[in-house]
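Structure at a glance
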Amino acid sequence: RAGLAYTLLKAWEAFRSAAARPSSSALSGKVRRAMSLLEKDPSLRRTVNVNLAALMMEDGRLDEAESVLNEALELREGAARSGVHSSLSILYLKKDQPRDALVHAMNSYELQPASELTRLGRAQSLAVAARASALLGDIPQSQGLAEKALHIAEKVQGADALVRELAHLAGRPPAEAGQGV
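Residues numbered from 1 in each chain as written. Predicted model: local features only at pLDDT ≥ 70, side-chain atom pairs only at ≥ 80, totals over all residues. Heavy atoms only, no water.

What follows concerns the overall build of the chain. A count of helices and strands for the chain gives nine helices and zero strands. Written out in order from the N terminus, the α and β elements of the chain read α-α-α-α-α-α-α-α-α. When contacts within the chain are restricted to residue pairs at least 6 apart in sequence, long-range pairs at least 24 apart make up 53% of them. Accessible surface, the chain as shown: approximately 9500 Å² in total, 52% of it carbon and sulfur. (Helix = DSSP H or I, 4+ residues; strand = E, 2+ residues; numbered from the N terminus. Contact = heavy atoms within 4.5 Å. Areas by Shrake-Rupley, 256 points an atom, 1.4 Å probe, with all protein chains shown as cover.)

Direction vectors running N to C along helix 5 (residues 82–94) and helix 6 (residues 98–111) enclose 160°, while the axes themselves pass 7 Å from each other. As far as their axial angle goes, helix 6 and helix 5 are roughly antiparallel. Here helix 5 and helix 6 pass one another in a crossing that is left-handed. Contacts from Ser 82, His 85, Ser 86, Leu 88, Ser 89, Tyr 92 and Leu 93 of helix 5 reach helix 6 at Pro 98, Asp 100, Ala 101, His 104, Ala 105, Asn 107, Ser 108 and Leu 111. For the contact of helix 5 with helix 6, a count of residues per class yields seven nonpolar, seven polar and one charged. (Axes fitted to C-alpha atoms, helices over the stretch in contact; angles between N-to-C directions. Parallel < 35°, antiparallel > 145°, perpendicular 65-115°, else oblique. Left-handed = near helix turned anticlockwise from the far one by under 90°. Nonpolar A, V, L, I, M, F, W, Y, C, P; charged D, E, K, R; others polar.)

Looking now at unusual backbone geometry. Apart from glycine, the bulk of residues carry a negative phi angle, and the bulk of peptide bonds sit in the trans form. Phi at Asp 96 takes a positive value of approximately 60°, unusual for a residue other than glycine. Here Asp 96 shows up in the loop between helix 5 and helix 6.

On to the packing of helix 6 against helix 8 (residues 139–153). Two numbers describe how helix 6 lies on helix 8: the axes approach to 14 Å, and their chain directions differ by 30°. When the axis of helix 6 is compared with that of helix 8, the two are roughly parallel. Crossing of helix 6 over helix 8 shows left-handed handedness. On helix 8, the residues touching Leu 102, Met 106 and Tyr 109 of helix 6 are Gln 141, Leu 145, Lys 148 and Ile 152. Classifying every residue of the contact of helix 6 with helix 8 gives five nonpolar, one polar and one charged.

Think of an α-helix as turning once every 3.6 residues; residues three or four places apart then point the same way. Spanning 14 residues, helix 3 (residues 45–58) covers 19 Å between terminal C-alpha atoms, matching the ideal 20 Å at 1.5 Å per step. Of all 14 residues in helix 3, ten are buried, a share of seventy percent or more. All of the buried residues along helix 3 are Arg 45, Val 48, Asn 49, Val 50, Leu 52, Ala 53, Ala 54, Leu 55, Met 56 and Met 57. Trailing helix 3 by a residue or two, Gly 60 shows a phi angle of about 80°, which is positive. (Expected span 1.5 Å × (residues − 1). Buried < 20%, exposed > 50% of the residue type's maximum accessible area, 1.4 Å probe, protein only.)

What follows deals with the confidence of the model for the chain. Looking at the chain, pLDDT values average 82 and 79% of them are 70 or higher. Confidence scores differ between elements of the chain, with helix 1 (residues 2–16) showing the lowest mean pLDDT of 46 and helix 6 the highest of 97. In this model, residues 1–12 is a region of pLDDT below 50 whose contacts with residues beyond four sequence positions or in other chains number 18 contacts. Here residues 14–22 is modelled with pLDDT under 50, and outside its nearest four sequence neighbours on either side it reaches ten contacts, counting other chains as well. (pLDDT = per-residue confidence, 0-100.)

Attention now goes to the nonpolar core. Counting 43 residues, the largest nonpolar core has Val 84, Leu 88, Met 106, Leu 126, Leu 145, Leu 162 and Leu 166 as the members making the most contacts within it. For this core, the element with the most residues is helix 7 (residues 119–135), which contributes seven residues. In this view, Leu 126 contacts Met 106, Tyr 109, Leu 145, Lys 148, Ala 149 and Ile 152; residues no more than four positions away in its chain are not counted. (Core = buried A, V, L, I, M, F, W, Y, C linked by side-chain atoms within 4.5 Å.)

Moving on to the environment of His 168. Here His 168 is to be found in helix 9 (residues 160–170). Sequence separation between His 168 and Gln 143 is 25 residues; the distance between their C-alpha atoms is 8.9 Å.

Moving on, we get to helix 6. Taking 1.5 Å as the rise per residue, helix 6 with 14 residues should run 20 Å; its terminal C-alpha atoms sit 20 Å apart, in good agreement. Every buried residue belonging to helix 6 is among Pro 98, Ala 101, Leu 102, His 104, Ala 105, Met 106, Ser 108 and Tyr 109, and all of these are buried. Elements that come into contact with the buried residues of helix 6 comprise helix 4 (62–75), helix 5, helix 7 and helix 8.

In structure tokens:
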């Protein structure tokens, strides 16, 4: 277990680091190693499938990532499923399936309890839902979701880029972004 945790941690750190983004072949190698270790200890799947799927998405392996995320959805219960739904919503945006992205983004939002700790995650879920709605051509729904997300995100320190994007989706002039709802 320690070997798998270390491998996934290092792969995840490399994935998240803008300065040290691994090459596709290095990423593929880390995914293969993690999958091999998961086969040896399937009990870890519940906790690492979402991170493994994120690595697969970064590597362009969208169908495999979808399969891993669907397995993670089956293994988790209650609010713990919100992160899986969030990842699925992003995956479906990448696969140009905005209706599925919208459904999973809203499920993610609804599963997260309203608290200071979940504020950013809830805003991000609504932001994905707003993007999906815009791609579906439902601009009023997109703007409404973006406004709701703005109301949440404007209270999060360090979420300036998200607030600007949401203000754009909501149809607000740039000068209004960050002024509160």
